[in-house]
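Coordinates in review
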Amino acid sequence: MNEKESAPGGLALIEALVNTLDIETGADALDTADGRTAFRLTESEVPGARVLREALRTACLAHAGHRPPAGAAAPPLDRLLAAAPLRVSVDGAGAASLSPVVEPADLTARVAAAIAASAADGTWARLKACEAEDCQWAYYDRSPAGRRRWCSMSVCGARAKMRTYRAKHN
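Moving on, we get to the nonpolar core. Core analysis: the biggest nonpolar cluster contains 31 residues, and Ile14, Leu56, Leu77, Val111 and Trp124 have the highest contact counts within it. Elements represented by at least two residues in this core include exactly α1 (11-18), α3 (46-63), α4 (77-81), α5 (107-121), β3 (127-129) and β4 (138-140). Here the element with the most residues in this core is α3; it accounts for eight residues. With residues near it in sequence (within four places) discarded, isoleucine 14 still touches Leu56, Val111, Ala114, Ile115, Trp124 and Leu127. One finds Cys130, Ala132, Trp137 and Tyr139 within the second-largest nonpolar core, a separate group that totals seven residues.

Pasting the structure below:
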C-alpha cells in the first residue's frame, strides 16, 4: 500500500517484515520460499518470525498513536529482543554501534540492532502502522510534523475520509 519510498537504514528490514502480511487478504509472504529467503529464514524459523512481526506491528501502531486490534495478543517486543545476542562495537572514530554477535545473524538480532540504531538517530518513532484496521501496513512517516495516519493518502486515507463524510451526511 505504501506510496512512499521505504524506511531508511535498518528500519527498511523492520518495515519489510511487518509488511509480509497483507491483513486485508490474509496473504503471508513468509508462506513462500521467496518470502523466507528475503529474510534468510528457514521454514522452522517462520513461526518465531511471525511472532516478532506482530510485536513489531504493535510497536508501529503505538508510534502512530493507535491501539492494536481487539484480540491481538502480540508479546511485548522487549521480551523478544532480550534474546538477541548483540555486542557493542566502536570504530576508529569512536562511534559506537550494536551488532549481532553471531554471523550470519538471526532475524531477531538484526531487528534489535536496527531498532537500537534508529532509536539512537531518532528515526524509530517514525516507523508507523496505517490507521486502517484492514491495512495496518508499516510505513515511514516523512511528514514534517510526523503526524501521518495512513500508509497511503490516496487509498486508506481516502477511504477513511469518505467513511467520515458519509457518517456525517447520512
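Running from N to C, α1 and α5 point in directions that differ by 125°, and their axes come no closer than 8 Å. Overall, the two elements α1 and α5 adopt an arrangement that is oblique. As α1 runs across α5, the sense of the crossing is left-handed. Residue-level inspection shows Leu11, Leu13, Ile14 and Leu17 of α1 in contact with α5, the latter providing Leu107, Arg110, Val111, Ala114, Ile115 and Ser118.

The rules behind the values
- Counting from 1, residues in each chain are numbered in the order their sequence is written.
- It should be noted that, the model being predicted, local features are given only for residues of pLDDT at least 70 and side-chain atom pairs only at 80 or more, the latter also being counted only at that level, while totals for whole chains, interfaces and linings use all residues.
- With hydrogens and water set aside, each side-chain value is computed from the structure's full complement of heavy atoms.
- In these notes, a set of buried Ala, Val, Leu, Ile, Met, Phe, Trp, Tyr and Cys residues joined through side-chain atoms within 4.5 Å is what counts as a nonpolar core.
- Here the term buried applies to any residue with accessible area under 20% of the maximum for its type, exposed to any over 50%, and partly exposed to those in between, with areas from a 1.4 Å probe on protein chains only.
- The helix count covers DSSP runs of H or I at least four residues long, the strand count covers runs of E at least two residues long, and both are numbered beginning at the N terminus.
- Any two residues having at least one pair of non-hydrogen atoms within 4.5 Å are treated as being in contact.
- Orientation is described by lines fitted to C-alpha atoms, with helices fitted over the stretch in contact, and by angles between N-to-C directions that extend from 0 to 180 degrees.
- Angles below 35 degrees are treated as roughly parallel, those above 145 as roughly antiparallel, those between 65 and 115 as roughly perpendicular, and all remaining angles as oblique.
- For any helix crossing, the convention is left-handed if the near helix is rotated counterclockwise from the far helix by under a right angle, and right-handed if that rotation is clockwise.

Take it as geometry only, folks, not as evidence of what the structure does.
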